[in-house]
Each structure stands twice: as structure tokens, then as C-alpha cells.
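Here is what each chain is made of, one letter per residue.
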Amino acid sequence: MLVPGQGRLSAGMPEVFASGHAAASDWQEAVRSVAAQLGDLDDDDIGFVYVTDHVADHLHDVVGFLAAATGLDQWCGTVGIGVLSNPVESFDKPAIVALACRLPGARAHVFRSVDEAVGRWRQPESGDTAGFGIVHGDPRHADVLDGLVRLARETGSYLVGGLASSRAGSPTHAGGGAGDGLSGVLLSGARVATALTQGCSLLDGSHEVTRADGNAVLELDGRPVFDVLGERFSGARGSERPVDPASLHVALLIAGSDAGAFVVRNIIGIDPNQHAMLLAEEVSRGDVLMFCVRDHEAAEADLRRMLQSLKSRASRPLGGLYFSCLARGPHMFGAVNREMEIIRDVLGDVPVAGFFSNGEISLDRLYAYTGVLTLFRDD
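The present account deals with the structure reproduced in this document. (Residues numbered from 1 in each chain as written. Predicted model: local features only at pLDDT ≥ 70, side-chain atom pairs only at ≥ 80, totals over all residues. Heavy atoms only, no water.)

## As for helix 8 (residues 338–347)
(1) Moving on: Where helix 8 is concerned, the buried positions are Glu 339, Met 340, Ile 342, Ile 343, Val 346 and Leu 347. Viewed along the axis of helix 8, the buried residues span an arc of 150 degrees, placing them on a single side of the element.
(2) Moving on: Looking one or two residues past helix 8, Gly 348 carries a phi angle of roughly 85 degrees, positive in sign. (Buried < 20%, exposed > 50% of the residue type's maximum accessible area, 1.4 Å probe, protein only. Helix = DSSP H or I, 4+ residues; strand = E, 2+ residues; numbered from the N terminus. Arc of directions from axis to C-beta.)

Written out as C-alpha cells, the structure is:
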């Protein structure tokens with residue numbers, strides 16, 4: 001059975017967006033449906049395509065078919081455990097989602113590697129200024145994290161995107177072929193608004209790490225970590241709702257960032273021998289952490305908060321790209337399609353494409369358990 005897509009927005013708008021989404025018994029049937037939904041496209045458009053891992057071995061074939069069927073040559077994309085559109089999520093079957101964008105006044109540079117992107121941006125005749133990048137990474141590539149920082153710094157670009165997630169291969173595609181580590185497109189002059197949802201609610205108060213050993217936190221605020229944990233969570237304080245230990249995480253403040261930016265990490269265990277709390281991240285003396293709860297209630301509330309913030313900055317979104325952690329979707333929201341139904345509830349019938357990733361990219365950092373939504377604005 002095919003899952004229908006969203007079709008094309010009005011050609012009278014300053015930017016034209018077309019989207020398609022199909023799930024089928026085989027990838028050939030799915031890609032034919034997506035191509036039909038996209039229709040004829042201009043060769044100066046830029047396209048994004050995401051496939052489920054059932055189609056991982058055929059990503060480049062999918063792009064080739066879409067290019068031939070629509071007339072659009074420039075595609076970027078990768079593979080995910082699931083793919084998503086507005087308001088459908090597809091898992092465990094051959095499924096494809098695509099979004100084609102025409103961005104008058106913007107310049108798009110597709111790249112297959114960080115070296116290629118940086119080299120192109122450094123050319124004096126390019127005339128490009130600080131921009132915006134949509135990137136896809138191969139989590140098996142050793143330099144993908146360093147590549148994020150280098151790409152953002154040397155091109156002056158704000159990056160969004162995700163790492164491939166797959167039970168098979170983790171290919172990426174950019175331009176006419178496979179990406180190398182980190183690939184995608186850099187946009188100069190594009191009108192966008194982007195935001196990140198961490199899917200959690202912060203508990204009151206922060207703590208300074210005063211003694212640590214690798215990923216083991218031994219003291220907080222000069223006190224044994226077990227004393228702090230016992231005091232805080234033997235019973236939730238009056239200002240906090242009851243805490244399920246399985247939903248408890250830590251939020252590590254990012255040093256030097258504005259607006260109290262943080263990354264959330266798992267508490268992976270308690271070591272009674274060291275009297276330590278073990279985190280899925282190494283920490284150092286002087287780091288600041290907060291406790292937070294990540295569950296269905298917190299995830300939905302934070303997603304709605306993020307969407308309202310974006311809506312205030314992009315009141316007439318033309319289309320969007322959404323990169324959500326593979327641990328979100330039905331695992332965090334309780335049912336297939338629920339995460340995307342919330343997005344439609346707030347934003348309406350906006351063409352959106354994306355995938356469930358193995359790590360989400362915002363600015364120059366890699367996050368987990370998050371959703372990163374970018375909207376193309378009609379100004």
C-alpha cells in the first residue's frame with residue numbers, strides 16, 4: 001500500500017516547494033510514486049531525499065530515478081531507520097520521502113566532503129558570505145565530529161542535519177554521487193528559521209562538578225554525589241513532579257555558549273565502589289550540570305514550545321526539514337505519527353521531509369534525543 005505525499009504548493013509563491021512520500025512493498029514502486037507527486041521540476045531547484053534502511057543499498061539508484069523523472073539534478077540525502085513527512089512516519093518497510101525547493105536569491109553549493117566545501121567557499125570570486133548548511137554524516141567516519149566544527153568555522157555557516165541511521169549500510173548522497181564523511185549543501189542568502197527541541201524538562205537548580213574521573217562524577221558542589229542524589233530524589237521536591245529514575249538524565253551546560261545552551265546525556269549507572277554517578281560523557285572539574293526528565297510528557301511539551309517559537313519567526317513557512325533522533329518518534333511519543341501530528345497541529349499543512357537519525361546536528365554540535373526543525377520562510 002502506498003502512503004500518499006503532500007504535493008506541490010502554489011507556483012505563485014516566491015519559492016516553490018514540492019514534496020512526496022511513499023511506502024510500498026519495494027523501493028521501485030515507492031520511488032515511482034514519489035516522482036509522480038513531485039512532478040516536473042526546474043533544474044535550478046535543490047532536492048532532499050531520505051530513504052529507510054530497507055532501501056539503503058539503492059539510495060543512489062533512487063536519486064538517479066528522481067533526477068531522470070523530474071529534471072532536477074541536484075539532490076542531497078541519506079538513510080534513516082525511519083523517514084518522515086507531514087504528518088506521516090514510515091518504519092520497517094521500503095519508504096522514501098523527498099522535498100524539492102526553489103530558492104530565488106539564494107546560492108546553493110552542493111558538496112561531497114568538508115574539503116570540497118571549504119575549498120569552494122575560500123575562492124575569492126565566489127562572493128559568498130556566511131550562510132546556512134544542511135548536512136548529512138556517516139557515523140562510521142572517524143572525522144565526522146571534527147568535520148562539523150571545521151565546516152561551520154571555515155565557511156561561517158550555521159549547520160543543521162543528521163547522521164545516517166541504519167541496520168544495513170549508511171550511505172549519503174550529494175550532487176552526482178556518494179558523500180565522503182560529511183556532505184550536503186551550503187546556502188548563501190536563504191531565508192530560514194531553525195530551532196532544536198531537547199525533549200526534556202529541566203529540574204530546578206544547577207550543580208558544579210567539583211571532582212570527576214573521566215565519565216564518573218564523584219562530587220557535586222563540594223559534596224559526595226550520592227549525598228546530592230539522595231537529597232534531591234529520595235522524594236521529589238514540592239516544585240517538581242515525581243521522577244521516574246529511568247527518565248532521569250543530566251544536562252551539561254556548554255561552556256561559553258549563550259542562552260544557557262546544553263547537551264543532554266544518559267546516566268548509565270551508579271558505581272558503589274567509587275561512590276560515583278556514571279555518565280555517557282566525560283566530564284571535568286568546573287563543568288556545570290542540571291538534572292532533567294525526559295519522558296512522553298516532557299517531550300511533547302518541549303516540542304510544542306519549540307514549534308511556537310519557530311512559528312513566531314516564520315509565520316508563513318513554505319517548507320521544512322526535520323531531523324529527529326531514532327529514539328524519538330513512537331518510542332518517545334507513544335504512537336507512530338504522533339510526533340509529526342504535533343508538528344502539523346501547530347504549523348499546519350507545510351511540506352516537511354526528514355528522517356530519524358543517529359545524531360542530530362545544530363550549529364556545529366552533535367546532539368542526541370533531539371529534534372532539529374528548519375523552516376524556509378516567506379518574507
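Still more to cover.
## Section: the sheet that holds strand 25 (residues 360–363)
(1) Moving on: Reading across the sheet, the six strands line up as 8-13-9-10-25-26 and stay open at both edges, with mixed pairing between neighbours. Of all the strands in the sheet, just strand 8 (107–111) and strand 26 (365–367) have a single pairing partner and so form its edges. Ignoring which end each strand starts from, the neighbouring axes of this sheet average 15 degrees apart.
(2) Moving on: Note: strand 9 (residues 132–137) against strand 13 (residues 182–188), six bridges, orientation antiparallel. By the bridge assignment for strand 13, Ile 134 is matched with Val 185.
(3) Moving on: The sheet strands contacting helix 3 (residues 114–121) are strand 8 and strand 13, and the helix crosses strand 8 at an angle near 145 degrees.
(4) Moving on: Helix 4 (residues 144–155) rests against strand 8, strand 9, strand 10 (158–163), strand 13, strand 25 and strand 26 of the sheet, and its axis sits at about 15 degrees to strand 13. (Pairing = 2+ DSSP bridges. Axes fitted to C-alpha atoms, helices over the stretch in contact; angles between N-to-C directions. Contact = heavy atoms within 4.5 Å.)

## A closer look at the pairing of strand 16 (residues 207–213)
The two faces of the sheet receive side chains in turn, since in a regular strand these alternate between them.
(1) Moving on: Across two bridges, strand 16 lies against strand 22 (residues 288–293) in antiparallel orientation. Across the sheet, residue His 207 finds its bridge partner in strand 22, namely Leu 289.
(2) Moving on: Taken together, the four bridges between strand 16 and strand 17 (residues 216–220) define a ladder with antiparallel strand orientation. When the sheet's bridge partners are listed, Arg 211 is paired in strand 17 with Glu 219.
(3) Moving on: The hairpin turn running from strand 16 into strand 17, its antiparallel successor, is two residues long, and Gly 214 in that turn takes a positive phi close to 65 degrees.

## Side note on the nonpolar core
(1) Moving on: If you look at the biggest cluster of nonpolar residues, it comprises 47 residues, and the most contacted ones within it are Phe 48, Ile 134, Phe 291 and Leu 321.
(2) Moving on: Here this core takes four residues from strand 7 (residues 95–101), the largest share from any one element.
(3) Moving on: Excluding residues that lie within four positions of it along the chain, Ile 134 makes contacts with Phe 48, Val 160, Ser 183, Gly 184, Val 185, Leu 187, Leu 321 and Phe 323.
(4) Moving on: Ala 18, Ala 22, Ala 24 and Leu 72 belong to the second largest nonpolar core, which has 26 residues in total. (Core = buried A, V, L, I, M, F, W, Y, C linked by side-chain atoms within 4.5 Å.)

## Considerations on the side chain of Thr 78
(1) Moving on: Structurally, Thr 78 can be placed in strand 4 (residues 75–80).
(2) Moving on: At 2.8 Å, the side chain of Thr 78 forms a polar contact with the backbone oxygen of Pro 171. (Polar contact = N/O pair within 3.5 Å; in protein donor to acceptor, adjacent residues only side chain to side chain.)

## Quick word on the packing of helix 3 against helix 4
(1) Moving on: Taken N-terminus to C-terminus, the directions of helix 3 and helix 4 make an angle of 5 degrees; their axes are 10 Å apart at the nearest point. Regarding the angle of helix 3 to helix 4, the classification is roughly parallel. Note on element contacts: helix 4 touches helix 3 through Gly 147, Arg 150, Leu 151, Glu 154 and Thr 155, opposite Val 114, Asp 115, Ala 117, Val 118 and Trp 121.
(2) Moving on: Class assignment of the residues belonging to the contact of helix 3 with helix 4 gives a composition of five nonpolar, two polar and three charged. (Parallel < 35°, antiparallel > 145°, perpendicular 65-115°, else oblique. Nonpolar A, V, L, I, M, F, W, Y, C, P; charged D, E, K, R; others polar.)

## Describing the sheet that holds strand 24 (residues 352–357)
(1) Moving on: Strands sit in the order 6-5-24-23-27-14 across an open sheet of six strands; the sheet is mixed. Strands with a single pairing partner mark the edges of an open sheet, and in this sheet they are strand 6 (89–91) and strand 14 (192–197). Shown here is a sheet whose adjacent strand axes are inclined to one another by a mean of 15 degrees, direction ignored.
(2) Moving on: Note: strand 5 (residues 82–85) against strand 6, three bridges, orientation antiparallel. Bridge pairing links Val 83 to Ser 90 in strand 6.
(3) Moving on: In this fold helix 8 packs onto strand 5, strand 6, strand 23 (317–325), strand 24 and strand 27 (371–377), with an angle of close to 155 degrees to the strand it touches most, strand 23.

## Quick word on the pattern of salt bridges
(1) Moving on: Under the defined criterion, the tally for this structure stands at 18 salt bridges.
(2) Moving on: Arg 265 serves as the salt-bridge partner of Glu 281, at 3.0 Å between the closest nitrogen and oxygen. In this pair, Glu 281 is assigned in the loop between strand 21 (276–279) and strand 22 and Arg 265 in strand 20 (residues 262–271), connecting sequence segments 16 residues apart.
(3) Moving on: We classify Glu 281 as partly exposed; its relative accessible area is 31%.
(4) Moving on: Taken together, the shared-partner salt bridges in this structure form one network comprising Asp 115, Arg 150, Arg 153 and Glu 154. (Salt bridge = Lys/Arg side-chain N within 4 Å of Asp/Glu carboxyl O.)

## Comments concerning the packing of aromatic side chains
(1) Moving on: Taken as a whole and assessed by the stated rule, the structure comprises six aromatic pairs.
(2) Moving on: Plain terms: the ring middles of Phe 91 and Phe 356 are 5.0 Å apart, the flat faces sit at 35 degrees to each other, and that makes the pair tilted. In this pair, Phe 91 sits in strand 6 while Phe 356 sits in strand 24, placing the two residues 265 residues apart along the sequence. Neither residue differs from the other here; Phe 91 and Phe 356 are each classed as buried.
(3) Moving on: In textbook terms, an aromatic cluster arises when at least three aromatic residues are bridged by ring pairs, as seen for Tyr 50, Phe 323 and Phe 355. (Phe/Tyr/Trp six-rings, centres within 6.5 Å; stacked < 30°, edge-to-face > 60°.)

## Topic: unusual backbone geometry
Glycine aside, residues mostly have negative phi, and peptide bonds are mostly found in the trans state.
(1) Moving on: Each neighbour pair has its own omega, and for Asn 86 with Pro 87 the value is 15 degrees, a cis peptide bond.
(2) Moving on: Within the secondary structure, Pro 87 is located in the loop between strand 5 and strand 6.
(3) Moving on: The residue Asp 221 is not glycine, and still its phi comes out positive at about 55 degrees.

## Some words on the environment of Arg 112
(1) Moving on: Examined against the element boundaries, Arg 112 turns out to sit in the loop between strand 8 and helix 3.
(2) Moving on: For the pair Arg 112 and Ala 174, spaced 62 residues apart in the sequence, the C-alpha separation amounts to 5.5 Å.
(3) Moving on: Residue contacts for Arg 112: discarding those within four places in its chain leaves Ala 174, Gly 176, Gly 177, Ala 178, Gly 179, Asp 180, Leu 182 and Ser 183.

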